[in-house]
Amino acid sequence: AFTNNGDELFDLSRLTLKLNSSLIDMNQNFSLKLAGNYKSSFNGRVVNNADCVLDANYIISDNSDSKANSFDHKIELIQAKINLDNASCDLKGFVALARNSLPQGKISVELVDYENLVDVLLPEDFIFSKPYTKRFIAKAAAIEFSNEVKNKVNFDIDFSNKGISLGRVNLLEQKDN
């Protein structure tokens, strides 16, 4: 895309998308692969370079043999990664959904420069403020507040019969913190 003066505003030249559907072990499997990048030489942009990779499966169980599958639908994140300049978010894992039970699974989260990531991704009028979201991520990643700044945080999002936990924080136990 270009400005009225003919200057390049941004470039989306390397964008690929692949969708696939298959039947594996009597389960319908939908596969999505997405990759792309964004580059801008325009001054004043919040993000000048962005890269995105998504490799995911959505599986619908046949459910004729309930012991073979413990789910009706399953989302598998083989890789979900976004890079925004020096900040990034990387997700891997799965969530299994069944009609008669709570979601089950685990998604591993790695955030690099998470404070800038929150600043870029959350709008000003989001339901949770940016400072609250940053504190929540620090709590989930078990970062102790000190003079030491952690550039990279890791935690898991666990889905179990106990509810949803982000790192060491169980969402059911959160109130007005």
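In case you missed it, the structure is sitting above this.
### Observations regarding the overall build of the protein chain
When its secondary structure is counted, the protein chain shows two helices and nine strands. Sequence-ordered secondary structure for the protein chain, helices as α and strands as β, is β-β-β-β-β-β-α-α-β-β-β. Accessible area of the protein chain: about 11,800 Å², with a carbon and sulfur share of 53%.

### Brief notes about the sheet that holds strand β1 (residues 15–24)
Reading across from one edge, β1-β2-β3-β4-β5-β6-β7-β8-β9 is the order of the nine strands in this open sheet, with antiparallel pairing throughout. Each end of this open sheet is capped by a strand with a single partner; those strands are β1 and β9 (169–170). Each of β4 (73–84), β5 (87–98), β6 (101–112) and β7 (152–160) is contacted by helix α1 (residues 114–121), which is oriented at about 75° to β5, the strand it contacts most.

### A look at the pairing of β5
As defined by bridge partners, β4 adjoins β5 across 10 bridges and the pair is classed as antiparallel. By the bridge assignment for β5, Leu-77 is matched with Gly-93. Note: β5 against β6, 10 bridges, orientation antiparallel. Each bridged residue has a counterpart across the sheet, and for Ser-88 the counterpart in β6 is Val-112.

### Regarding the side chain of Asp-55
Structurally, the position occupied by Asp-55 is in strand β3 (residues 49–60). Within the structure, the side chain of Asp-55 is placed 3.0 Å from the side chain of Lys-33, a separation counted as a polar contact. Apart from residues no more than four positions distant in its own chain, Asp-55 is found in contact with Leu-32, Lys-33, Glu-76, Leu-77, Ile-78 and Gln-79.

Cut-off values and rules
Residues numbered from 1 in each chain as written. Predicted model: local features only at pLDDT ≥ 70, side-chain atom pairs only at ≥ 80, totals over all residues. Heavy atoms only, no water. Helix = DSSP H or I, 4+ residues; strand = E, 2+ residues; numbered from the N terminus. Areas by Shrake-Rupley, 256 points an atom, 1.4 Å probe, with all protein chains shown as cover. Pairing = 2+ DSSP bridges. Contact = heavy atoms within 4.5 Å. Axes fitted to C-alpha atoms, helices over the stretch in contact; angles between N-to-C directions. Polar contact = N/O pair within 3.5 Å; in protein donor to acceptor, adjacent residues only side chain to side chain.

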